[in-house]
Amino acid sequence: MCGILAVLGCSDDSQAKRVRVLELSRRLKHRGPDWSGLHQHGDFFLAHQRLAIVDPASGDQPLFNEDKSVIVTVNGEIYNHEELRSKLPNHKFRTGCDCDVIAHLYEEHGENFVDMLDGIFSFVLLDTRDNSFIVARDAIGVTSLYIGWGLDGSVWISSELKGLNDHCEHFESFPPGHLYSSKEREFRRWYNPLWFSEAIPSAPYDPLALRHAFEKAVIKRLMTDVPFGVLLSGGLDSSLVASVTARHLAGTKAAKQWGAKLHSFCVGLEGSPDLMAAKEVADYLGTVHHEFQYTVQDGIDAIEDVIYHIETYDVTSIRASIPMFLMSRKIKSLGVKMVLSGEGSDEIFGGYLYFHKAPNKEEFHRETCRKIKALHKYDCLRANKSTYAWGLEARVPFLDKEFINVAMNIDPEYKMIKRDEGRIEKWVLRKAFDDENHPYLPKHILYRQKEQFSDGVGYGWIDGLKAHAAKHVNDKMMLNASHIYPHNTPTSKEAYYYRMIFERFFPQNSASLTVPGGASVACSTAQAVLWDAAWSNNLDPSGRAALGVHASAYENNQVNSVTKTVEPEKIIPKMEVSPLGIAI
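Within any chain, residue numbers begin from 1 and follow the written order of that chain's sequence. Totals for whole chains, interfaces and linings use every residue, but because this is a predicted model, local features are given only for residues with pLDDT of at least 70 and side-chain atom pairs only at 80 or more, for both listing and counting. Remark: hydrogens and water are excluded; side-chain values derive from all non-hydrogen atoms of the structure.

Participant: I'd like to hear about the packing of helix 10 (residues 315–333) against helix 18 (residues 459–472), residue by residue, with values.
Facilitator: Here the axes come from fitting lines to C-alpha atoms, over the contacting stretch only for helices, and the angles between their N-to-C directions go from 0 to 180 degrees. A run of H or I in DSSP becomes a helix once it reaches four residues, and a run of E becomes a strand once it reaches two; helices and strands are each numbered from the N terminus. Between helix 10 and helix 18, the least distance of the axes is 11 Å, while the angle of their chain directions is 115 degrees. Compared by their axis directions, helix 10 and helix 18 come out roughly perpendicular. Crossing hand, helix 10 versus helix 18: right-handed. Seen from helix 10, the contacting residues are Arg319, Ile322 and Pro323; seen from helix 18, they are Trp461, Ile462, Leu465 and Lys466. In this count, Pro and Cys sit with the nonpolar residues alongside Ala, Val, Leu, Ile, Met, Phe, Trp and Tyr, while Asp, Glu, Lys and Arg are called charged and the others, Gly among them, polar. When the residues that make up the contact of helix 10 with helix 18 are grouped by side-chain class, the tally is five nonpolar, no polar and two charged. In these notes the angle categories are as follows: under 35 degrees is roughly parallel, over 145 is roughly antiparallel, 65 to 115 is roughly perpendicular, and the rest is oblique. Left-handed describes a crossing in which the near helix is turned anticlockwise from the far one by less than a right angle; the clockwise case is right-handed. Only heavy atoms matter for contacts: two residues are in contact if any of them lie within 4.5 Å across the pair.

Participant: Describe the sheet that holds strand 2 (residues 35–41), naming the residues involved and giving the relevant values.
Facilitator: Whether two strands pair comes down to DSSP finding at least two bridges between them. Reading across from one edge, 2-3-1-9-8-10 is the order of the six strands in this open sheet, with antiparallel pairing throughout. A single partner strand is all that each edge strand has here, and the edge strands are strand 2 and strand 10 (170–173). For this sheet, the mean angle separating the axes of adjacent strands, direction not counted, is 10 degrees. With four bridges connecting them, strand 1 (residues 2–8) and strand 9 (residues 155–158) associate as antiparallel partners. Across the sheet, residue Ala6 finds its bridge partner in strand 9, namely Ile157.

Participant: Residues and numbers for the packing of aromatic side chains, please.
Facilitator: Classification of ring pairs uses Phe, Tyr and Trp, with its six-membered ring standing for Trp, and accepts pairs whose centres are within 6.5 Å; under 30 degrees between planes counts as stacked, over 60 as edge-to-face, and the remaining range as tilted. Within the structure shown, the criterion is met by 34 aromatic pairs. Here Phe121 and Trp190 contribute two aromatic rings whose centre-to-centre distance is 5.9 Å and whose plane-to-plane angle is 25 degrees, an arrangement assigned as stacked. Of this pair, Phe121 sits in strand 6 (residues 119–127) while Trp190 is found in the loop between strand 12 (186–189) and helix 4 (207–220), placing the two residues 69 residues apart along the sequence. We note that Phe121, like Trp190, is buried. Between Tyr308 and Phe506, the ring centres sit 6.4 Å apart and the planes meet at 10 degrees, which makes this aromatic pair stacked. Here the residue Tyr308 occupies a position in helix 9 (residues 303–310), and Phe506 occupies one in the loop between helix 21 (493–505) and helix 22 (509–513), the gap between them amounting to 198 residues. Type-normalised accessible area, obtained with a 1.4 Å probe on protein chains alone, sets the label of each residue: buried when under 20%, exposed when over 50%, and partly exposed for intermediate values. A relative accessible area of 28% places Tyr308 in the partly exposed class.

Participant: I'd like a description of the side chain of Lys401, backed by residues and values.
Facilitator: Locating Lys401 in the fold gives a position in helix 14 (residues 401–408). With a relative accessible area of 15%, Lys401 lands in the buried category. At 3.1 Å, the side chain of Lys401 forms a polar contact with the side chain of Asp115. When sequence neighbours within four positions are dropped, the list of residues in contact with Lys401 reads Asp115, Leu117, Ala139, Trp190 and Tyr191. Pairs of N or O atoms are called polar contacts if they sit within 3.5 Å, as long as, within protein, a hydrogen donor faces a hydrogen acceptor (for residues adjacent in sequence, only side-chain-to-side-chain pairs).

Participant: Provide a residue-level description of the side chain of Asn65, including the pertinent values.
Facilitator: By secondary structure assignment, the location of Asn65 is in the loop between strand 4 (63–64) and strand 5 (70–78). Residue class for Asn65 comes out buried when judged on its relative accessible area of 0%. In this structure the side chain of Asn65 is engaged in a polar contact, spanning 2.9 Å, whose partner is the backbone nitrogen of Ser69. The residues contacting Asn65, other than those within four sequence positions of it, are Val70, Arg94, Ala103, His104 and Glu107.

Participant: Which residues make up the packing of helix 9 against helix 21, and what values do they have?
Facilitator: Taken N-terminus to C-terminus, the directions of helix 9 and helix 21 make an angle of 60 degrees; their axes are 10 Å apart at the nearest point. Between helix 9 and helix 21, the crossing angle belongs to the class labelled oblique. Of the two elements, helix 9 crosses helix 21, and the hand of that crossing is right-handed. Within the contact between the two elements, helix 9 uses Ile303, Glu304, Ile307 and Tyr308 and helix 21 uses Tyr497, Tyr498, Ile501, Phe502, Arg504 and Phe505.

Participant: Report on the environment of Phe196, specifying residues and quantitative values.
Facilitator: Among the structural elements, Phe196 can be located in the loop between strand 12 and helix 4. Residues Phe196 and Arg370, spaced 174 residues apart in sequence, show a C-alpha to C-alpha distance of 9.0 Å. Each residue touching Phe196, except ones within four places of it in the same chain, is listed here: Arg189 and Lys373.

Participant: Break down the confidence of the model for the protein for me, citing the residues and quoting the values.
Facilitator: pLDDT is a residue-level measure of predictor confidence that goes from 0 to 100. In this model, the protein carries an average pLDDT of 89, and 90% of its residues clear a pLDDT of 70 or more. Residue range residues 554–584 is modelled with pLDDT below 50. Its contacts to residues more than four positions away, or to other chains, number 65 contacts.

Participant: Give a detailed account of helix 7 (residues 273–285), specifying residues and quantitative values.
Facilitator: What a helix is expected to span follows from its residue count: subtract one and scale by 1.5 Å. Given a rise of 1.5 Å per residue, 13 residues ought to cover 18 Å, and the 19 Å separating the end C-alpha atoms of helix 7 matches this to within 8%. The set of residues buried in helix 7 consists of Pro273, Asp274, Leu275, Ala277, Ala278, Val281, Ala282 and Leu285. Positive phi appears at Gly286, one or two residues downstream of helix 7, with a value of about 75 degrees.

Participant: How would you sum up the pairing of strand 9? Please name residues and give values.
Facilitator: Regular strands place side chains that alternate from one sheet face to the opposite one. By the alternation rule, side chains of strand 9 split into Val155 and Ile157 and Trp156 and Ser158, which are all buried. As paired strands, strand 8 (residues 146–149) and strand 9 are joined by four bridges and run antiparallel to one another. By the bridge assignment, Trp149 is partnered in strand 9 with Val155. Between strand 8 and strand 9, which pair antiparallel one after the other, the connecting turn spans five residues, and Gly153 there sits at a positive phi close to 90 degrees.

Participant: Any details on helix 3 (residues 101–109)? Residues and values, ideally.
Facilitator: Listing the buried residues of helix 3 in full gives Val101, Ile102, Ala103, His104, Leu105 and Tyr106. Looking at the buried positions of helix 3, the neighbouring elements they touch are strand 4, strand 5, helix 2 (81–86), strand 6 and strand 7 (132–137). Downstream of helix 3 by a residue or two, Gly110 has a phi angle that is positive, lying close to 65 degrees.

Participant: Explain the sheet that holds strand 15 (residues 288–293) to me, using residue names and the numbers behind them.
Facilitator: Here five strands make up an open sheet; going across it, the order is 15-14-13-16-17 and the pairing parallel. Edge positions in the open sheet fall to strand 15 and strand 17 (393–395), since each of these has one partner strand only. Here the strands of the sheet are splayed against their neighbours by 30 degrees on average, with no regard to which way each runs. Bridging between strand 13 (residues 228–231) and strand 14 (residues 263–268) involves two bridges; their strand directions are parallel. Pairing of Val230 across the sheet is with Ser264, part of strand 14.

Participant: So what's going on with the nonpolar core? Which residues, and what values?
Facilitator: By convention a nonpolar core is built from buried Ala, Val, Leu, Ile, Met, Phe, Trp, Tyr and Cys residues, the set being connected through side-chain atoms within 4.5 Å. With 91 residues, the main nonpolar core has Leu117, Phe123, Ile140 and Phe403 as its most contacted residues. In terms of residues, this core owes the most to one element, helix 7, which gives six residues. Ile140 has contacts with Pro176, Tyr191, Trp195, Ile372, Leu375, His376, Cys380, Leu399 and Ile404, leaving out every residue within four places of it along the chain. Ranked by size, the runner-up nonpolar core spans 58 residues in total, among them Val7, Trp156, Leu164 and Val306.

Structure follows, in structure tokens:
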């Protein structure tokens, strides 16, 4: 994984332009501290900042085909690169880098090869034979990518806004699962799964099929030539990632290089729910566990750096990005360059607590589809940029293409939350790993209530952020908010505070348009807010806003109230589940 920057077809191919491209590329150096590369072909410039994970010795970019007529700069990981190489027997590869297959696949299949790639990626490919180019982004948008257009007719591509925001007349987020072709001058979607249409699936729930698909997704992400670990919050998703990794690490190339002892990492305020749960899971799995504590003031001091790096003013993204940003710096200081993380599960399985109020299976499924389609604006953006701020790569097995196909083909009736039947959020995932003979996790961890990351690091965290914002934003400022920020008008002092900082770094109108908006409760989409009339008076992205569901919900609808911790089993009892899926 890396940072890419390309300026395609600019009117000036002078040395001064090359120097300027190099300068802009350095804005992405945090993404790739291991190597910098730049290739110029006439008025086309392809720059690259490399974070070396696979083949550190020879995989520097840009990459080329045999006669160097095809040039590629890539940010990504291609997990099936060895299989793809075997299907290209007449091609000679210059490196052992997993991304080296892209130029050769293009030679064989033209622009229609992208769906053959199993992995996460953003790339720019230049064909010097006719000076045409294509740009593509992975299916869900795990890698970050932006596109812009200059007044001189140039097209700009960058892994982050800061690489192009002050040089383009207009710029926007590059849509996930799409390809842009210079020949057609338009986007087209290459990723076309059945779930994308939001048609309601009808396949019966097969817990073993789901389990095996996830294990396969984790195992393929152990492709690394550098030290790695897992992020472990003690919640269901990260705990399953850690458990499966620990089970299958022995015998892998990674284990032979770095040892079969898995390292795990957690962050939180002193005494936070995540720190306690993560320690228990780490002890159970036998990982080498690293616990990082931070204070509310530590987080507040990092707000401006975080907004600069993650390039959003979305409240829930910033709340969760700050502890992840602080933890990533600590992890990198230990010499670790890659971590596995649990993002994506809540979107696929309806894990957020507001899904308790889904009126029927059809609306439940459509909401999961909406959430997956928006991941590149929220959790993927946070996970990618919070870690890359320190040259650390995060891999997300829940967003594996094959696993998503299996999970999203399940009849959503099985995903519905039915507390009277003992089915809490993400029941189908929990049941798939509820193995009595060879347990993956302790039962109470397997059935731990959903805790959003920004809540789990410590309930005082969000309250501290709100109190800090209130010192910088007064009531008069809020009265004029719609005139100052007519697009995505801030509705709270916290949101206003983040918006002021964002606009200072990225003042262009195009920048503000890259950030999502709309009403939300406990991370819902605007459509799901309508599921419960009471939510319209309690709009807040925290899981504690799911009143009557979250074990430590905001009391008396007062968002700034001091909350007390209630044991989850007092709200949703612990349960044993029979082999038939019946709560006992």
